[in-house]
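A look at the structure
Okay, here's what each chain looks like letter by letter:
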Amino acid sequence: MDYIKNNTLKVTGIGIVIIILLWGWTMWKGSESFSGLTTDKSGTQATTYTNKEGSVTVGGNTYPDNWPTDVPKYSNATVQYSAASNPQAEGAASSVIFLTKDSIQSVVDFYKKELVSFGWNVEQVVNTGGTTIIAAKKDTRNFAAYIADSGDGQVSVTVGIELGK
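Now for a description of the structure that goes with this document. (Residues numbered from 1 in each chain as written. Predicted model: local features only at pLDDT ≥ 70, side-chain atom pairs only at ≥ 80, totals over all residues. Heavy atoms only, no water.)

Glancing now at the pattern of salt bridges. Tallied over the full model, the rule gives three salt bridges. Note that Asp70 and Lys138 form a salt bridge whose closest N and O atoms lie 2.7 Å from each other. Taken together, the residues Asp70 in the loop between β3 (54-58) and β4 (78-87) and Lys138 in strand β7 (residues 131-138) connect sequence positions 68 residues apart. You can call Asp70 buried: its relative accessible area is 13%. (Salt bridge = Lys/Arg side-chain N within 4 Å of Asp/Glu carboxyl O. Helix = DSSP H or I, 4+ residues; strand = E, 2+ residues; numbered from the N terminus. Buried < 20%, exposed > 50% of the residue type's maximum accessible area, 1.4 Å probe, protein only.)

See below:
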């Protein structure tokens, strides 16, 4: 039973992150197919795409503007990519990918401790093949972090948050 629970939560956590990133990628790369699309670069590395269905901001090298104040930011890291979506029909989401020279265990320990201190319920921590996935929930919101060795002396972390409506 624990095996099924562990794999279900693992797949859920990965699914949240992948959905957030794929939706942002689709809006970013497939923008020509959206009618009424406007863009705003605002002098930053991020670009915001907006149409009647909502907006998505992709490509920034900082935490997204809609990053919740009750979700910890890992400070000893360099943000490589961020995305934030605000669709009209569904809940908003936010994600960030960063690199750190800290160990995987240091990142895992940080999130386990800080999420709890911010009132999140850490539902699962799965360690498989040198990768750790953390899934947490608070209210109607979901948090997932995918933490892995990037192979170049750094750790790559992808964090996705389903923010709800």
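So, next bit.
Right, let's talk about the packing of aromatic side chains for a bit. Scanning all chains against the criterion turns up seven aromatic pairs. Arranged with centres 4.9 Å apart and planes meeting at 70°, the rings of Tyr63 and Trp67 form a pair that is edge-to-face. Considered together, Tyr63 and Trp67 belong to a single accessibility category, that of buried residues. Here the aromatic cluster, defined as three or more aromatic residues joined through ring pairs, consists of Tyr74, Phe98, Phe110, Tyr111, Trp120 and Phe143. (Phe/Tyr/Trp six-rings, centres within 6.5 Å; stacked < 30°, edge-to-face > 60°.)

By secondary structure assignment, the location of Ala83 is in strand β4. Spatially, the C-alpha atoms of Ala83 and Asp65 are 9.5 Å apart, while their sequence positions differ by 18 residues.

Moving on to the nonpolar core. The biggest cluster of nonpolar side chains holds 24 residues, and the ones touching the most others in it are Phe98, Tyr111, Phe143, Ile147 and Val159. Going through the elements one at a time, β5 (92-100), α2 (104-117), β7, β8 (141-149) and β9 (155-164) are the ones with two or more residues in this core. Discounting residues that sit within four places of it in the chain, Tyr111 has contacts with Tyr63, Pro72, Tyr74, Phe98, Ile134, Phe143, Val157 and Val159. (Core = buried A, V, L, I, M, F, W, Y, C linked by side-chain atoms within 4.5 Å. Contact = heavy atoms within 4.5 Å.)

Let us look at α2. Its 14 residues give α2 an end-to-end C-alpha distance of 20 Å, which sits within 8% of 20 Å, the value for a rise of 1.5 Å per residue. All buried positions along α2 are accounted for by Ile104, Val107, Val108, Tyr111 and Leu115. For α2, the angular spread of buried residues about the axis comes to 100°, placing them on one side. Within α2, the exposed residues directed more than 90 degrees away from the buried face are Lys113 and Ser117. In this structure, the buried side of α2 is in contact with β5, β6 (121-128), β7, β8 and β9. Taken from the residues just after α2, Gly119 is the one with a positive phi, measuring 90°. (Expected span 1.5 Å × (residues − 1). Arc of directions from axis to C-beta.)

This brings us to the environment of Ala145. If you trace the backbone, Ala145 turns up in strand β8. Apart from residues lying up to four places away in sequence, Ala145 is in contact with Thr132, Ile133, Ile134, Thr158 and Val159.

Another aspect to go through is unusual backbone geometry. In this structure, Asp139 is a non-glycine residue whose phi angle is positive, near 55°. Summarising the element assignment, Asp139 is placed in the loop between β7 and β8. Classification of Asp139 as exposed rests on a relative accessible area of 60%.

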